[in-house]
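Examination of the molecular architecture
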Amino acid sequence: MIKAVNLYKSFEGNPVLQDVSVVFDDNKTNLIIGASGSGKTVLLKSLVGLHDVDAGEIWFDDQLYTALSFEQKKHLRQQIGMLFQGGALFDFATVEENVMFPMDMFTNWSLEEKRERVNSCLQRVRLENVNRLYPSSLSGGMQKRVGIARAIALNPRYLFCDEPNSGLDPLTSIVIDNLIHEITHDLMITTIINTHDMNSVMEIGEKVVFIHEGMKYWEGSKEEILHTDNEALNRFVFASNMAKRLLNTGH
Amino acid sequence: MRKIFTLVGQYFLLMEKVLKKPDNSTVFWKQFVQEVEKVGLSSVPIVAIVSIFIGAVITIQTTYNITSPFIPKAYVGFMTRETMLLEFSSTMIALVLAGKIGSSIASEIGTMRITEQIDALEIMGVNSANYLILPKIVAATLFNPLLMLMSFIIGLCGGGLIALTTDVITPADYIEGLRMEFKPFYIVYGVIKMATFNFIITSISAFYGYYASGGSRNVGQSATNGIVSCSLCILIFNLVLTHVLL
Ligand SMILES: Nc1ncnc2c1ncn2[C@@H]1O[C@H](COP(=O)(O)OP(=O)(O)OP(=O)(O)O)[C@@H](O)[C@H]1O
Ligand SMILES: [Mg+2]
C-alpha cells in the first residue's frame, strides 16, 4: 500500500499539486489519469522522492517515506521499480547490461545467476535475442519493455510506470498494459500507472484516480468511471469516442 | 554575485554526495579503468602534439631573445626546461584538457540528466552523483599527472629536435642547459598543480552536466559554461598554488 496525505508541491511559487490525498492498494493496478499538464508526472515523481514535496506525508506500507534519511531512502528504493516516460535506459550499456544493472549494484550473484535472471525478465516482457543490442537500436515499444524488465529485475514491491504506452500503437499498448497487470498480480505488488489513455483505463483500471489541475477530483473503479456525474471527469472520459460507444453498448 | 554564491554552495553540496565510499567497490574499479581510458589515455595524442610543438617554439624564441654575448647559450635549454615544467606542462595542458574532457563530461552527464537516466539511477537506490562522478574525478586526479610528466619530457624532446636539425643552438649547449641547476621540487610542484587542475576540470564540468535541465540546447550551454568556469578556476588556483608552493 502506498498512501499520500495532503501533498503540496509547487515550482518557483507555481502550485502544481494541491492537497492531494490518496491511497494506492496492494495487488492492484492503480491508474492516475488526467489531461496533459495536470500534474501526473509530478505526483508520481513526488511519490518516489525524485521531487521533494513542500508539505504532506508519503507512506510506503508502514514506513513514513518523507521522514526517512538519505541512506534509509536508498534502502527502500531498492524495492522500487520504475518505468519512465521516455524509457530512461542507460545508453552506455547493452540491453543485457541494463537489466543486469540493479543486480550488479545490489547483489553478489554470480554472472551465471545474473544472466539467468536477465533472460527470465526479458522473456517475461517477450523480448528475445536482443541482449547484445544497445537501446538506441531498439524501437520505442521495445525500449519500454526493456524498461519494464529492468524495473522488475530485483522483484520490487512497488512498481511505478509513467505513461507506459504513450507513443505506441494500440496493439502494443494493450500488450504492455496486460504485461504490467500480469506482473502486478504474479508478484503481488503495488503498481501505480500514469496514463491519459482511456483504453488502458477500461483494460486494467482496477483503481482509478483522476487528477485535474493538480487536485484529486475523483477516484473509483473502471466500472464506475462511465457513470459518474463529476463534470471535469466526464469531459476527460468522453473526449474519446470509444468511451461513448462503450457507454451506449452498456445501456 | 548572489548567483555565484548559490552556485558555489550547490557545488559543495554535490561534492558531499560525490565524495563518499562507493556503493559497490567492484563496480567502482571497473568504472575507474574505463575512465582512465576516457579522461587520460585518450588525451595522450593531443598532449603529445601540443607539447612537442611548444617545446620547439620555446627553444627557438629563447635563442633569439638572448642577444647578449654574456649569457651562455646553454641557458636556452635551461629556460625550455623551466618553462615546460613550471607552467606549460601543467597549466596550459590543463586548459587544453578542460576543453577536451570537460566538455565531454558535461555533455555526457547532462544528456543522462535530461533523458532521466539519472532519475533512473536514483530510483534504484544508487547514489547517482557518486556513481557517475567519483570514478571520473579519481581517474583524472590520479592518472593525469602522468600526462604532465609526459608533456614535460616530450616538450624537451621538441627543443632537442630543433637543436639537432637546425643551427639555432648546438645539441651540446642544449643538453648542458637541461642539466643546469635542476630542482626536483619543481616536479612535485607540477604534479600537485596538475592533480588539482584535474580535480577542478572533472568535478566542475560534472557539476554543470548534473544540473543541466531542459533540452539538448541546454546541455550544450552547460558544457560551455562548464569549460569557462573550469578555465577560470584553473587560472585562479594556478596563482594560489604558485604563491603557496614556491
Ligand atoms: N521541473 C519542473 N519545474 C517547473 N515546473 C514543472 C516541472 N515539472 C513539471 N512542471 C509543471 O507542472 C505541471 C504538471 O506537469 P506534469 O509533467 O506533471 O504533467 P503531466 O500530467 O505528467 O502531463 P503529460 O500527460 O503531458 O505528461 C506543468 O504545468 C509543468 O509546467
Ligand atoms: Mg507526464
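For the structure given in this document, a descriptive report is provided here. (Residues numbered from 1 in each chain as written. Chains lettered and ligands numbered in written order. Predicted model: local features only at pLDDT ≥ 70, side-chain atom pairs only at ≥ 80, totals over all residues. Heavy atoms only, no water.)

1. Let's talk about the overall build of chain A
When you go through chain A residue by residue, the secondary structure sums to 10 helices and 10 strands. For 251 residues, the compact-globule estimate of 2.2 N^0.38 gives 18 Å, and chain A sits close to it at 18 Å. Each principal axis of the C-alpha distribution contributes one length, and for chain A these read about 55 × 45 × 30 Å. Expressed as a percentage of its 251 residues, the buried residues of chain A come to 53%. Nonlocal contacts in chain A, meaning residues at least 24 apart in sequence, comprise 65% of its contacts between residues at least 6 apart. Summed over its atoms, the accessible surface of chain A is roughly 11,200 Å², and 48% of this surface lies on carbon and sulfur atoms. Counting 24 positive and 33 negative side-chain charges, chain A places the centres of these two groups 2 Å from one another. (Helix = DSSP H or I, 4+ residues; strand = E, 2+ residues; numbered from the N terminus. Rg over C-alpha atoms; globule rule 2.2 N^0.38 Å. Buried < 20%, exposed > 50% of the residue type's maximum accessible area, 1.4 Å probe, protein only. Contact = heavy atoms within 4.5 Å. Areas by Shrake-Rupley, 256 points an atom, 1.4 Å probe, with all protein chains shown as cover. Lys, Arg positive; Asp, Glu negative; His and termini not counted. Charge placed at Lys NZ, Arg CZ, Asp CG, Glu CD.)

2. As for the site of ligand 1
Residues and elements named next belong to chain A. Ser-36, Gly-37, Lys-40, Thr-41 and Val-42 are the nearest of the 13 residues found near ligand 1. Thr-41 places a side-chain nitrogen or oxygen 2.6 Å from an oxygen atom of ligand 1. Between ligand 1 and Gln-85, the relevant distance is 3.3 Å, taken from an oxygen atom to a side-chain nitrogen or oxygen of the residue. Out of a free accessible area of 630 Å², ligand 1 has 60% covered by protein chains. Sorting elements by how many residues they give to the shell around ligand 1 places helix α1 (residues 40–48) first, with 3 residues. A per-class count over the shell around ligand 1 returns 4 nonpolar, 7 polar and 2 charged. (Near = heavy atom within 4 Å. Polar contact = N/O pair within 3.5 Å; in protein donor to acceptor, adjacent residues only side chain to side chain. Nonpolar A, V, L, I, M, F, W, Y, C, P; charged D, E, K, R; others polar.)

3. Concerning the sheet that holds strand β3 (residues 28–33) of chain A
All names here are of chain A. Strand order in the open sheet formed by 6 strands is β6-β7-β8-β3-β9-β10, with mixed pairing between adjacent strands. If you trace the sheet from one side to the other, it starts and ends with β6 (80–83) and β10 (215–220), each paired once. Neighbour-to-neighbour, the strand axes of the sheet open up by a mean angle of 15°, direction not taken into account. Bridge analysis of β3 against strand β9 (residues 207–212) gives 4 bridges, and the strand direction is parallel. Across the sheet, residue Ile-32 finds its bridge partner in β9, namely Val-209. Those strands touched by helix α6 (residues 170–187) are β3, β7 (158–162) and β8 (190–195), and its axis lies near 135° from that of β3. (Pairing = 2+ DSSP bridges. Axes fitted to C-alpha atoms, helices over the stretch in contact; angles between N-to-C directions.)

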